[in-house]
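Per-entry structural report
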Amino acid sequence: EAPALRNPKLLVEACLIGAEWSKAGSGTIAVTNPATGTIVGTVPNAGAGETRQAIEAAHAAYPAWRGKTANERAVLLRKLAVLVSENQEDLARLLTAEQGKSLAEARAEVGMSAAYVLWFAEEARRVYGDVIPSPWPDRRVLVTKEPVGVVAAITPWNFPSSMIARKLGPALAAGCTIVIKPASQTPLSGLAWGLLAQEAGIPDGVVNILTGSAREIGAELTSNPLVKKITFTGSTEIGKVLLKQAAGTVKKVSMELGGNAPFIVFDDADLDRAVAGAMLAKYRNSGQTCICTNRVLVQDGIYDRFAQRMAEAADALKVGNGVEDGVMQGPLIDAAAIDKIEEHIKDAVDKGARVIAGGHRHALGGTFFQPTVMVDVVPGMAVAREETFGPLAPLFRFRDEAEAIRMANDTEFGLACYFYTRDLGRAFRVSEALEYGMVGINEGIITTEVAPFGGVKESGLGREGSYQGIEDYLSAKYVCVGGL
Ligand code: ADP
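Residues numbered from 1 in each chain as written. Predicted model: local features only at pLDDT ≥ 70, side-chain atom pairs only at ≥ 80, totals over all residues.

**Some thoughts on the packing of helix α3 (residues 88–99) against helix α4 (residues 103–123)**
Two elements in contact, α3 and α4, have axes whose closest approach is 8 Å; the angle formed by their N-to-C orientations is 125 degrees. The pairing of α3 with α4 is recorded here as oblique in orientation. Both α3 and α4 take part in a crossing whose hand is right-handed. Across the interface between the two elements, Gln88, Leu91, Ala92, Leu95 and Thr96 from α3 touch Leu103, Ala106, Arg107, Glu109, Val110 and Gly111 from α4. Considering only residue class, the contact of α3 with α4 consists of six nonpolar, three polar and two charged. (Axes fitted to C-alpha atoms, helices over the stretch in contact; angles between N-to-C directions. Helix = DSSP H or I, 4+ residues; strand = E, 2+ residues; numbered from the N terminus. Parallel < 35°, antiparallel > 145°, perpendicular 65-115°, else oblique. Left-handed = near helix turned anticlockwise from the far one by under 90°. Contact = placed C-beta atoms within 7 Å. Nonpolar A, V, L, I, M, F, W, Y, C, P; charged D, E, K, R; others polar.)

**Digging into the nonpolar core**
With 82 residues, the main nonpolar core has Leu77, Val117, Leu168 and Ile178 as its most contacted residues. Broken down by element, this core gets its largest block of residues, 12 residues, from α4. Residues contacting Ile178, with those up to four places away along its chain left out, are Ala58, Val151, Ala153, Leu168, Ala171, Leu172, Val207 and Asn208. Counting 64 residues, the second-largest nonpolar core is a separate cluster that includes Leu297, Ala353, Cys417 and Tyr436. (Core = buried A, V, L, I, M, F, W, Y, C linked by C-beta atoms within 7 Å. Buried ≥ 20, exposed ≤ 12 C-beta atoms within 10 Å, placed from the backbone.)

**Overview of the site of the ligand**
Around the ligand sit 14 residues in total, of which Ala214, Gly218, Gly234, Ser235 and Ile238 are the nearest. Elements represented by at least two residues in the shell around the ligand include exactly α7 (214–223) and α8 (236–247). Across the shell around the ligand, the residue classes tally to seven nonpolar, five polar and two charged. (Near = placed C-beta within 6 Å.)

**What about the sheet that holds strand β13 (residues 293–299)?**
The seven strands lie next to each other as β14-β15-β16-β13-β12-β18-β19, forming an open sheet whose pairing is mixed. Only two strands of the sheet have a single partner each, and these edge strands are β14 (354–357) and β19 (438–441). The mean inter-strand angle of the sheet, taken between neighbouring strand axes irrespective of direction, is 25 degrees. Taken together, the four bridges between strand β15 (residues 372–377) and strand β16 (residues 392–398) define a ladder with parallel strand orientation. Across the sheet, Val377 pairs through a bridge with Phe396, a residue of β16. Strands β12 (261–265), β13, β16 and β18 (416–420) of the sheet are contacted by helix α9 (residues 271–283), whose axis makes an angle of about 165 degrees with β18. (Pairing = 2+ DSSP bridges.)

**Section: the confidence of the model for the protein**
The share of residues in the protein with pLDDT of 70 or more is 100%, and the mean pLDDT across the chain is 98. Here the prediction assigns the complex a pTM of 0.97, and the interface score ipTM is 0.92. (pLDDT = per-residue confidence, 0-100.)

**Focus on the sheet that holds strand β6 (residues 140–147)**
In spatial order, the strands read β5-β6-β22; together these three strands make up an open sheet with antiparallel pairing. Each of the sheet's edge strands pairs with one partner strand only, and the pair in question is β5 (130–132) and β22 (474–481). Neighbouring strand axes in the sheet, compared pairwise and without regard to direction, differ in orientation by 25 degrees on average. As judged from the three bridges shared by β5 and β6, these two strands associate in the antiparallel manner. Its bridge partner lying in β6, Ile132 is registered against Val141.

**Comments concerning the environment of Pro137**
Along the chain, Pro137 falls in the loop between β5 and β6. Judged by the 6 C-beta atoms lying within 10 Å of it, Pro137 is exposed. Here the alpha-carbon distance between Pro137 and Pro203, two residues 66 residues apart in the chain, equals 45 Å.

**Considering the UniProt feature "active site" (unreviewed entry) in the protein**
Per the UniProt annotation, the sites labelled "active site" (unreviewed entry) are Glu256. Mapping Glu256 onto the fold places it in strand β11 (residues 252–256). For Glu256, a count of 28 C-beta atoms within 10 Å translates into the label buried. (UniProt positions renumbered as here; feature names shortened; annotations may be inferred.)

**What to know about the environment of Asp204**
As for its placement among the helices and strands, Asp204 is situated in the loop between α6 (187–200) and β9 (207–209). In this structure the C-alpha to C-alpha distance between Asp204 and Glu20, which are 184 residues apart in sequence, comes to 8.6 Å. Those residues in contact with Asp204 that lie beyond four places of it in its chain are Gly18, Ala19 and Ala61.

**Structural notes on the UniProt feature "domain: Aldehyde dehydrogenase" (unreviewed entry) in the protein**
Cross-referencing UniProt, the feature "domain: Aldehyde dehydrogenase" (unreviewed entry) maps to residues 21–479 in the present numbering. Taken as a whole, residues 21–479 contains 42% helix and 21% strand, while its terminal C-alpha atoms sit 42 Å from one another.

**A word on the environment of Glu72**
Here Glu72 is to be found in helix α2 (residues 70–86). Among the residues examined, Glu72 registers 12 C-beta atoms within 10 Å and is labelled exposed. Measuring from C-alpha to C-alpha, the distance between Glu72 and Ala408 comes to 46 Å, with 336 residues separating the pair along the chain.

Take a look at the structure:
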């Protein structure tokens, strides 16, 4: 059933194409609540035709939007940020209903969405160019920044609100218009952005939102020459497909892809702090974030104590429907997610690992899973290489700093990593040796709108947040003024 909202209009069951709320498409997609299995709402199953219309609407709206002053765009984006904040409770309830995360986490995500939009409203006015000392006495060398044009954004189900904020915010601030395709599991949080954008007074066609067939919509977005940039958050597998498709028309790309985050605990770590950090870095959103630690690497001398503390903390996590009081861990997104975690546990146990907390489907049934901790995990196991994307903490053992660095970097991914130490020299050495886009030193939660979020290696291209987040939506134009 639909969540009780103060403003029921926020549950939108239509796509936004230009000025129109459209139900066009081949049939509909039912959105289910992963905690209860009930239907939250129904959205259109749009395809290539609707996508073309949305792209054309974004293209038509582009000249007027880029022609506004930066301050005019900033004023509208600030209004949008205020509306997101004012509707935080409703948006959080909608998010929990379709995604499953606890209400506390959903509120935090919506708060983060508002923070991103506000940040980029501010950045809109700081798109500076350069005047470069000229190598010629009679010429001047100028560089200006221009919006890249129509942007297509494809977003995932794990952060259905804030992943849109990180793309829509900088795109609109830069003067781009946008077509957004939210994940089919969580389209309602995405469609709500359309209503709020209209309410903020953002002109028709600047924001377009389509729900439906990922393959069809994705193919049109990546091949249509009117689209100048693809920004995607999701799996490395689909990211590679989109990169190949976007090559046909040489689009700009931003990719936030998978991770395999190590969480390294050295013997000299503050144990309390390390356990608290590992719990957040592992079990937030039931382990379903691309920066969740996938591998906990613990030094010999502290291994047993850390393992025991981690198991106690995992056993203490309250699992349940995210809307219930005190629940810290909701269900997983779908049955496939349960299969994956079970496969990883079975593979590890078959190869000699031991489960010391959880390990099974939760008594609540459905897609609930027990927060799990495993010890004696070694590099040959599947968990060492593949992202589990679930509440499983596998504890690997290492002897010294060099071994920890080698194990941490032994992956094709390079998104986030974490380590705990009280030795200042080690903090610098290890931070510089880790091949990752983001490092948490004695911190398990590091995301903020003011810092650049993104990965190296197969974890992605580009950065979101910070001043760099808007650069990704701008092209430099070099202007040479001669004959002076
Ligand atoms: P996850 O494994 O987290 O579900 P995906 O990469 O499969 O991540 O999905 C992330 C987003 O990419 C979703 O919006 C999904 O609908 C979309 N997507 C999936 N397959 C394709 C595709 N072939 N083309 C374009 N988008 C796709």
